[in-house]
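Report on the structure
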Amino acid sequence: MPDGSSKKDIKALLPEELTAELAAMGLPGYRAGQIFRWLGRGACSFDEMSDLAKPLREQLARAYAIPCLTMLRRQVSAKDGTEKYLWRLPDGESVETVLMRYRHGNTVCISSQVGCRMGCAFCASTIGGKVRDLTASEMLDEVIRTGLAAGTGIDGVVLMGIGEPLDNFDNVLRFLRLVNRPEGANIGMRHISLSTCGLVEAIDKLADLHLQLTLSVSLHAPDDETRSQLMPVNRVYGVDALYAACERYFKATGRRISFEYAMVRDVNDTPRHADILIRRLRGTGAHVNLIRLNYVSERGLLPSEEQTVRAFVRRLTDGGVTVTVRRRLGSDIDAACGQLRRGEMRKP
Ligand code: SAH
């Protein structure tokens, strides 16, 4: 973790890696399990690890750092209990995490980068570009700290906060392995969703790993002309290449893809767009998740009218495409990506 210290980040190590490192220091393997459990419960110093003798705690502290996020802001939605956190990272940067409470459990939406370089026209996270990738340990800490701060267990994780997770592939993968561990946060792969703007090569790389997570693809438009206008990434990987990658992903993993579609007034919400989407997706088993655009003042784009959304849904359904409209949780606390961090950056 970029905190200026030369010590190794112990929270980024998988239990077996920690076991190997401790063995090299002449320490017994079971210590790794103890330490991993302490870290998973949110310990930020070795002194908290009361079942380790003091000399051992000191030895570990000389070799390892335990970087932790600290809370800058917390907002709780009066409407639906959604909680939004702004965390300070060890190097002074900040990221957001959102806790969503559903009937079937609590899900945290985590950030994967500080900022984003994908440049989507409607998104607040990308306005200042990408500052840096998050480490696996920082992403894990978003989950741990949010659970502790909210006083709840965490049942699911979505990588839909700030950043493009597949643009930070190795750290995200390590994070997935860490958060999945039964001795730690114990989040099953089927309770994890990863959302991408459509980096085709990375989708293929992920497919090869056969993870049982849910892949969401931010489609937002069914044709190259509209999509390139909203998402610069489409100029590199057009919709044909993207659909083909999604098909390969489905074949490799057996997991259906969910397509995100933010409805932008007069840009991607016309009957013509619905019809192209139907031609593309009918019979593929893919699922479309619609959301009215969250208005971001810097971006100038407007959400579609309610009746336009309803008509779009009806047209897709009649055309044989399964579609849901995402509830807007936390709309009273700027829960859309990047908005809290932007607000903080504007402060003097
Ligand atoms: N980079 C990844 C994940 C982060 S964004 C991706 O592109 O999928 C999570 C989701 O929120 C994406 O589908 C993104 O397109 C969408 N999003 C971003 N800004 C939005 C806005 N203003 N209104 C509605 N959805 C938005």
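Residues numbered from 1 in each chain as written. Predicted model: local features only at pLDDT ≥ 70, side-chain atom pairs only at ≥ 80, totals over all residues. Heavy atoms only, no water.

Here we come to the site of the ligand. Among the 18 residues in the neighbourhood of the ligand, the closest are listed as Gly163, Ser195, Ser218, His220 and Asn294. Note that an oxygen atom of the ligand is positioned 3.4 Å from one of the backbone N or O atoms of cysteine 197. In the model, a nitrogen atom of the ligand is placed 2.9 Å from a nitrogen or oxygen of the asparagine 294 main chain. The protein chains hide 94% of the 530 Å² of surface that the ligand would expose on its own. Taken together, the residues of the shell around the ligand break down into nine nonpolar, seven polar and two charged. (Near = heavy atom within 4 Å. Polar contact = N/O pair within 3.5 Å; in protein donor to acceptor, adjacent residues only side chain to side chain. Areas by Shrake-Rupley, 256 points an atom, 1.4 Å probe, with all protein chains shown as cover. Nonpolar A, V, L, I, M, F, W, Y, C, P; charged D, E, K, R; others polar.)

What follows is about the packing of helix α9 (residues 271-281) against helix α10 (residues 306-318). Two numbers describe how α9 lies on α10: the axes approach to 9 Å, and their chain directions differ by 30 degrees. Comparing their axes, α10 and α9 come out roughly parallel. You can see that α9 and α10 cross each other, and the crossing is right-handed. From α9, Pro271, His273, Ala274, Asp275, Leu277 and Ile278 reach across to α10, where they touch Phe312, Arg315 and Leu316. (Axes fitted to C-alpha atoms, helices over the stretch in contact; angles between N-to-C directions. Helix = DSSP H or I, 4+ residues; strand = E, 2+ residues; numbered from the N terminus. Parallel < 35°, antiparallel > 145°, perpendicular 65-115°, else oblique. Left-handed = near helix turned anticlockwise from the far one by under 90°. Contact = heavy atoms within 4.5 Å.)

A few words on the environment of valine 131. Among the secondary structure elements, valine 131 is positioned in strand β8 (residues 130-133). Since its relative accessible area comes to 41%, valine 131 is described here as partly exposed. Distance from valine 131 to valine 114, taken between C-alpha atoms, is 5.3 Å for residues 17 residues apart in sequence. (Buried < 20%, exposed > 50% of the residue type's maximum accessible area, 1.4 Å probe, protein only.)

Right, let's get into the environment of aspartate 91. Of note, aspartate 91 is situated in the loop between β4 (83-88) and β5 (94-102). Here the side chain of aspartate 91 touches arginine 132 through a polar contact of 2.7 Å, side chain to side chain.

Turning our attention to α10. For α10, built from 13 residues, the straight-helix expectation of 18 Å at 1.5 Å per residue is met to within 8% by its first-to-last C-alpha distance of 18 Å. On its buried face, α10 sits against β12 (258-263), α9, β13 (287-292) and β14 (322-325). Residue glycine 320 follows α10 closely and has a positive phi angle near 90 degrees. (Expected span 1.5 Å × (residues − 1).)

One can read the domain layout of the chain as domain 1 (8-65) and domain 2 (70-346). Each of domain 1 and domain 2 has a C-alpha centre, and these two points are 34 Å apart. The partner domain 2 presents 13 residues to the 16 residues of domain 1 that form the contact. Buried area between domain 1 and domain 2, summed over both chains or domains, comes out near 1,200 Å², and the portion from carbon and sulfur atoms is 57%. Broken down residue by residue, the surface that domain 1 buries against domain 2 is led by Lys11, Leu14 and Phe36, which jointly contribute 42%. Across the contact surface, domain 1 and domain 2 share three salt bridges. The partner of glutamate 16 in a salt bridge is arginine 181, with the nearest N and O atoms 2.9 Å apart. Those elements that place two or more of their residues in the side of domain 1 that touches domain 2 are α1 (15-24) and α2 (30-40). (Domains from an automatic or database assignment. Buried area = accessible area lost by both parts, 1.4 Å probe. Salt bridge = Lys/Arg side-chain N within 4 Å of Asp/Glu carboxyl O.)

Turning to the state of the cysteines, a few remarks are in order. For the structure shown, the criterion picks out one disulfide. Residue cysteine 44 pairs covalently with cysteine 68 via a disulfide, S to S 2.1 Å. What sets the handedness of the cysteine 44 and cysteine 68 disulfide is the S-S torsion sign, and at about -110 degrees it is left-handed. Note that cysteine 44 is positioned in the loop between α2 and α3 (54-63) and cysteine 68 in the loop between β2 (64-65) and β3 (70-76), a separation of 24 residues in sequence. In this structure cysteine 68 comes out as buried when scored by relative accessible area, which is 16%. You can see cysteine 246 has no disulfide; the closest cysteine sulfur is in cysteine 197, sitting 12 Å from it. We classify cysteine 246 as buried; its relative accessible area is 5%. (Disulfide = S-S within 2.5 Å.)

Read from one edge of the open sheet, ten strands run β3-β4-β5-β6-β9-β10-β11-β12-β13-β14, paired in mixed fashion. Among the strands making up the open sheet, the edge pair consists of β3 and β14. Neighbour-to-neighbour, the strand axes of the sheet open up by a mean angle of 20 degrees, direction not taken into account. Pairing geometry for β3 and β4, over six bridges, is antiparallel. The residue bridging arginine 74 from the neighbouring strand is tyrosine 85, located in β4. (Pairing = 2+ DSSP bridges.)

Residue position: lysine 11 is located in the loop between β1 (8-9) and α1. A relative accessible area of 2% means that lysine 11 is categorised as buried. At a separation of 3.0 Å, a polar atom in the side chain of lysine 11 contacts the side chain of aspartate 141. Residues contacting lysine 11, with those up to four places away along its chain left out, are Leu39, Ile66, Pro67, Cys68, Ser137, Leu140, Asp141, Arg145 and Leu178.

A word on the pattern of salt bridges. Evaluated as defined, the whole model comprises 21 salt bridges. A salt bridge links aspartate 91 to arginine 132; the nearest nitrogen and oxygen atoms lie 2.7 Å apart. Taken together, the residues aspartate 91 in the loop between β4 and β5 and arginine 132 in strand β8 connect sequence positions 41 residues apart. Between aspartate 275 and arginine 315 there is a salt bridge; the shortest N-O distance is 2.9 Å. Note that aspartate 275 is positioned in helix α9 and arginine 315 in helix α10, a separation of 40 residues in sequence. Judged by its relative accessible area of 38%, arginine 315 is partly exposed.

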